[in-house]
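Coordinate inspection notes
Residues per chain, in single letters:
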Amino acid sequence: MAHETIIDQVLKLGSVSGLISLIYLIFQNLRKRPRFKLDFQSGSGTHYDNEGVHFYRFSSVGILKNQSLDPNTVTHLHLAVWGNKKKTSTLRFGYGGVKIIDKTSDQELKLPIQFSPREARRLNIVFEFPVQGTADEKILQEHMEIKPGSGLYRPRYEYEICVEDVAENVFDSSGKQINREEINLRWTLPNTVRELQQGKIWPFIRHYWRITLSNMSFRAKVLMQALGLWR
């Protein structure tokens, strides 16, 4: 009887040790999972004309941090305007016309940019793009009153810089991972809505089902990253 009691205690101790090891492993994997965060410090927006073409220059200074314990590489910087609070749809999303200046060395950097574990760089990120005939034209024209009756207005929409790494993970400025595939699917959803209005229901159902599958797949991927099964 005493022999069996000792064995039970050893088994229980082993189970507790295994649980503690699992929790420790999960926390270590959480610290190693890919994550870029951009701490905004200052920014500005400027309209200008170039050879009769209306351009907009969006400039942002901030500290870009690789918060992972693993090295990583930035391959793209995207300029986004979100279409909803969940950040699953956009009014614009693109990475063209970007210039990156390292504020420490005052040198221009070219993508891709390699980051060591826990490395941070102070960057000036400048996007320049034509406005007329693009989604940005409407975005830049829309304003909202700061306080009813105040007569003071501010832009209705805000631009946000997102970071894409070598594994095609996309992060917003706070470091939250974004589902790029769902964003693309929601961008083309209005095409199927127009078909729905014409009585064609199946294209809309198929497209919305693809959005649902993308969302489920993305959640599974984020969970596997936390468990160290995906990078």
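Here's a quick rundown of the structure.

What counts, and where the lines are drawn
Residues numbered from 1 in each chain as written. Predicted model: local features only at pLDDT ≥ 70, side-chain atom pairs only at ≥ 80, totals over all residues. Heavy atoms only, no water. Helix = DSSP H or I, 4+ residues; strand = E, 2+ residues; numbered from the N terminus. Axes fitted to C-alpha atoms, helices over the stretch in contact; angles between N-to-C directions. Parallel < 35°, antiparallel > 145°, perpendicular 65-115°, else oblique. Left-handed = near helix turned anticlockwise from the far one by under 90°. Contact = heavy atoms within 4.5 Å. Nonpolar A, V, L, I, M, F, W, Y, C, P; charged D, E, K, R; others polar. Pairing = 2+ DSSP bridges. Phe/Tyr/Trp six-rings, centres within 6.5 Å; stacked < 30°, edge-to-face > 60°. Buried < 20%, exposed > 50% of the residue type's maximum accessible area, 1.4 Å probe, protein only. Polar contact = N/O pair within 3.5 Å; in protein donor to acceptor, adjacent residues only side chain to side chain.

1. Observations regarding unusual backbone geometry
Note: most residues except glycine have negative phi, and most peptide bonds are trans. That bond from L111 to P112 is cis: its omega, 0°, falls within 30 degrees of zero. Here P112 shows up in the loop between β6 (107-109) and β7 (113-115). Look at K87: it is not a glycine, yet its phi comes out positive at around 60°. Among the secondary structure elements, K87 is positioned in the loop between β3 (72-82) and β4 (90-94). Positive phi, normally seen in glycine, also occurs at R118, with a value near 60°. Along the chain, the position of R118 falls in the loop between β7 and β8 (120-130).

2. Regarding the packing of helix α3 (residues 180-197) against helix α4 (residues 202-226)
To describe two helices that pack against each other, one gives the angle between their axes and the distance between the axes. In the contact formed by α3 and α4, the axes pass within 8 Å of each other and the chain directions differ by 165°. For the element pair α3 / α4, the angle class is roughly antiparallel. As α3 runs across α4, the sense of the crossing is left-handed. Of the residues in α4, those touching α3 at E181, E182, L185, R186, T188, L189, T192, V193, E195 and L196 are P203, F204, H207, Y208, R210, I211, S214 and N215. Classifying every residue of the contact of α3 with α4 gives eight nonpolar, five polar and five charged.

3. Things to note about the sheet that holds strand β1 (residues 36-50)
Adjacent strands of a sheet form backbone hydrogen bonds with each other and so pair up, either parallel or antiparallel. If you walk across this open sheet you meet the five strands as β1-β2-β8-β5-β6, and the pairing is antiparallel. Lying at the two open borders of the sheet, with one neighbouring strand each, are β1 and β6. Each neighbouring strand pair of the sheet contributes to a mean axis angle of 25°, computed without reference to strand direction. Relative to β6, strand β5 (residues 98-102) is paired through three bridges, and the arrangement is antiparallel. Pairing of I101 across the sheet is with E108, part of β6.

4. Overview of the packing of aromatic side chains
Tallying each qualifying case throughout the model produces nine aromatic pairs. Residues Y56 and Y159 carry aromatic rings whose centres are separated by 6.0 Å and whose planes lie at 25° to one another, so their mutual orientation is stacked. Placement of the pair is Y56 in strand β2 (residues 53-66) and Y159 in the loop between β10 (153-155) and β11 (160-165), with a sequence separation of 103 residues. Among the aromatic residues, those joined into a ring-pair cluster are Y56, F58, F129 and Y159.

5. Examining the pairing of β4
Across the five residues that make up β4, a large majority, four, are buried. Pairing of β3 with β4 involves four bridges; the strand directions are antiparallel. Bridge pairing in β4 places W82 opposite T90.

6. Looking at the side chain of T192
As for its position among the elements, T192 is in helix α3. For T192, the side chain forms a polar contact with the main-chain oxygen of L189, separated by 2.7 Å. If we skip the residues at most four places from it in the chain, T192 touches P203, F204 and H207.

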